[in-house]
Amino acid sequence: MREMSANEARAFLADGVRTAKLATTRADGAPDVVPVWFVLDGDEVVFTCSSSSVKARNLARDPRAALVVDDEAFPHAFVRVRGTVEMAVRPDDFRSWTTRIAARYVGAGRAEEYGRRNEEFDDCLVRLMPDSILARADVAL
């Protein structure tokens, strides 16, 4: 196993169509984990959600979060990001973010369609600002 450099970790997070598994804390202290589509904006992890969702309510109450993205193929790798979030309800550039995120997962040909669709479902733009990053490659070697 080896530690990834900061550049390798960013490249790993930006590569392909892996979803992030986002961990938040419920009001009763119980953990909650859900998959999210995301993109990077510099070092920040950006995703959208509905303000009525459990994750949005959890993050509005406690802005601390963690997420992990992993490569399940041998020799395995992962990046875990912990930090705090900032949430904005329908910022002026919201459609551009829903479209940019959609493009990663459905391709450029359907990005506009899914960007519009996700803009209807979601209303919050969330930015996870890293406090710590743990990035490991070649886990099984």
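From a predicted model like this one, the values you see are computed outputs, not experimental measurements. (Residues numbered from 1 in each chain as written. Predicted model: local features only at pLDDT ≥ 70, side-chain atom pairs only at ≥ 80, totals over all residues. Heavy atoms only, no water.)

### A few points about helix α4 (residues 108–121)
Between its first and last C-alpha atoms α4 spans 20 Å; for 14 residues at 1.5 Å apiece the expected length is 20 Å, and the two agree. Where α4 bends most, at Tyr-114, the angle is about 30°. All of the buried residues in α4 are Ala-111, Tyr-114, Gly-115, Asn-118 and Glu-119. Where α4 is buried, its residues contact α3 (94–106). (Helix = DSSP H or I, 4+ residues; strand = E, 2+ residues; numbered from the N terminus. Expected span 1.5 Å × (residues − 1). Bend = angle between axes of the 7 residues up to and from the residue. Buried < 20%, exposed > 50% of the residue type's maximum accessible area, 1.4 Å probe, protein only. Contact = heavy atoms within 4.5 Å.)

### Quick look at unusual backbone geometry
In this structure, Pro-75 follows Phe-74 across a cis peptide bond, with omega equal to 15°. Examined against the element boundaries, Pro-75 turns out to sit in the loop between β6 (64–71) and β7 (77–89). One non-glycine residue, Arg-90, adopts positive backbone phi at about 40°. Summarising the element assignment, Arg-90 is placed in the loop between β7 and α3. Positive phi, close to 50°, is recorded for Asp-138, a residue that is not glycine. Turning to its location among the elements, Asp-138 is positioned in the segment after β8 (124–137).

### Re the packing of aromatic side chains
Using the criterion set out here, one finds 1 aromatic pair in the structure. Here Trp-37 and Tyr-105 contribute two aromatic rings whose centre-to-centre distance is 4.8 Å and whose plane-to-plane angle is 10°, an arrangement assigned as stacked. Here Trp-37, found in the loop between β3 (31–36) and β4 (39–41), pairs with Tyr-105, found in helix α3; they are 68 residues apart in sequence, far enough to count as distant. Directly above the ring of Phe-12 sits Arg-18, whose terminal nitrogen or CZ lies 4.1 Å from the centroid. (Phe/Tyr/Trp six-rings, centres within 6.5 Å; stacked < 30°, edge-to-face > 60°. Lys NZ or Arg CZ within 6 Å of the ring centre and 35° of its normal.)

### So, the nonpolar core
Counting 33 residues, the largest nonpolar core has Phe-38, Leu-67 and Val-79 as the members making the most contacts within it. Element by element, the count of residues in this core is highest for β8, at 6 residues. (Core = buried A, V, L, I, M, F, W, Y, C linked by side-chain atoms within 4.5 Å.)

### So, the side chain of Thr-48
Mapped onto the secondary structure, Thr-48 falls in strand β5 (residues 44–49). Overall, Thr-48 belongs to the buried group, its relative accessible area being 13%. In this structure Thr-48 touches Lys-55, Phe-94, Thr-98, Ile-101, Asp-122, Cys-124 and Leu-125, once residues within four positions along its chain are discounted.

### Thoughts on the pairing of strand β2 (residues 20–25)
Side chains Ala-20, Leu-22 and Thr-24 project from β2 onto a buried face, and the interleaved Lys-21, Ala-23 and Thr-25 project onto a face without burial. Of the pairings in the sheet, the one linking β2 to β3 comprises 6 bridges and is antiparallel in character. Following the sheet pairing, Lys-21 is matched in β3 by Pro-35. Relative to β6, β2 runs antiparallel, the two sharing 3 bridges. (Pairing = 2+ DSSP bridges.)

By themselves these figures say nothing about function.
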